Amino acid sequence: DPYYTGRALAGLQREDGGAYLRDVIKAFSHLGSPPEAVSPLRLATINKQPGPDSYRQGISWRGLKYSRIGGTGSSLVAGMHAALVARKPVVIGIEVDSDFLDDDGKDLIGPQNRSDIVGGHAMLVSGFEAGGDRSRLVNSWGIDWRDYGRAWASRSFLAQAREAWAIEGGS
């Protein structure tokens, strides 16, 4: 899977200490990624290299094109929204606080408490409402997180992203 391979590129595959988002996207682009049914993301196996079948099935998903969205704060959010309008999903890397980890509610995700950051996380931004005050996130933590693995995030939450990448698709 791209998360394991991205960590391997940085020499971090033995522990789940995170990875640079660009390394994970690069791994996805070069090696592809198998369908979730073949190689599901599970905490129990997160430090094990995926089997050959995972890589074999992932080949059809390689060739991903991606570009970094520049800026910070509101200009970064504007770039994310422009990519979404161009029908390019956006992957963000953002620091999250303990409320984000524990929250299973359906309320809007607001800005993260800078004094309570517990780590970094990557998520997909799949769309936004007219006016751009709320954006739709897809998380990798499964259907038990918030609204079946999805949530609405405030503009101020997205403005705290450390990086954002527009995805153009693969072969």
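What counts as what
Residues numbered from 1 in each chain as written. Predicted model: local features only at pLDDT ≥ 70, side-chain atom pairs only at ≥ 80, totals over all residues. Heavy atoms only, no water. Helix = DSSP H or I, 4+ residues; strand = E, 2+ residues; numbered from the N terminus. Buried < 20%, exposed > 50% of the residue type's maximum accessible area, 1.4 Å probe, protein only. Contact = heavy atoms within 4.5 Å. Areas by Shrake-Rupley, 256 points an atom, 1.4 Å probe, with all protein chains shown as cover. Polar contact = N/O pair within 3.5 Å; in protein donor to acceptor, adjacent residues only side chain to side chain. Phe/Tyr/Trp six-rings, centres within 6.5 Å; stacked < 30°, edge-to-face > 60°. Expected span 1.5 Å × (residues − 1). Arc of directions from axis to C-beta. Core = buried A, V, L, I, M, F, W, Y, C linked by side-chain atoms within 4.5 Å.

(A) View of the overall build of the protein. Along its length, the protein carries six helices and six strands. The linear arrangement of helices and strands in the protein, starting from the amino end, is α-α-α-β-α-β-α-β-β-β-α-β. Put simply, the protein has 171 residues, and 37% of those count as buried. Summarising the internal contacts of the protein: among those between residues at least 6 apart in sequence, 63% fall at separations of at least 24. If you sum the accessible surface of the protein, you get close to 9,500 Å²; carbon and sulfur atoms cover 51% of it.

(B) Local environment of the side chain of Ser 135. With respect to the helices and strands, the residue Ser 135 is situated in strand E4 (residues 134–138). One polar contact links Ser 135 to His 81, side chain to side chain, over a distance of 3.1 Å. Excluding its chain neighbours within four sequence positions, the residues that come into contact with Ser 135 are His 81, Val 125, Gly 127, Phe 128, Ala 151, Trp 152, Ala 153 and Leu 158.

(C) Local environment of the packing of aromatic side chains. Overall, the coordinates contain five aromatic pairs when judged by the stated rule. Relative to Trp 141, the ring of Phe 100 has its centre 5.6 Å away and its plane inclined at 65 degrees; by these criteria the two rings are edge-to-face. On the criterion of sequence distance, the pair formed by Phe 100 in helix H5 (residues 98–102) and Trp 141 in the loop between E4 and strand E5 (150–154) is long-range, its members being 41 residues apart. Taking relative accessible area as the criterion, Trp 141 reaches 36% and is therefore assigned partly exposed. Their ring planes at 10 degrees and their centres at 6.1 Å tell us that Phe 100 and Phe 157 sit as a pair that is stacked. Within this pair, whereas Phe 100 is found in helix H5, its partner Phe 157 is found in helix H6 (residues 155–158), the two being separated by 57 residues in sequence.

(D) Structural view of helix H4 (residues 73–85). End to end, H4 covers 19 Å across 13 residues, agreeing with the expected 18 Å (1.5 Å per residue, within 8%). For H4, every residue scored as buried is listed here: Gly 73, Leu 76, Val 77, Met 80, His 81, Ala 83 and Leu 84. Relative to the axis of H4, the buried residues are bounded by an arc of 160 degrees and lie together on one face. Residues of H4 that are exposed and point more than 90 degrees away from the buried face comprise Ser 74 and Val 85. Positive backbone phi, at 65 degrees, marks Arg 87, one or two positions downstream of H4.

(E) Quick peek at the nonpolar core. In this structure, Met 80, Val 90, Ile 92, Leu 137 and Phe 157 are the most contacted members of the largest nonpolar core, which totals 23 residues. Every element with two or more residues in this core is listed here: H4, strand E2 (90–97), strand E3 (117–128), E5, H6 and strand E6 (163–169). If one sorts the elements of this core by residue count, H4 sits on top with five residues. The residues contacting Leu 137, other than those within four sequence positions of it, are Ile 92, Ile 109, Met 123, Leu 124, Val 125, Gly 149, Arg 150, Ala 151, Ala 153, Phe 157 and Leu 158. With six residues, the next largest nonpolar core counts Leu 21, Ile 25, Leu 64 and Val 91 among its residues.

Keep in mind these numbers describe shape, not what the thing actually does.
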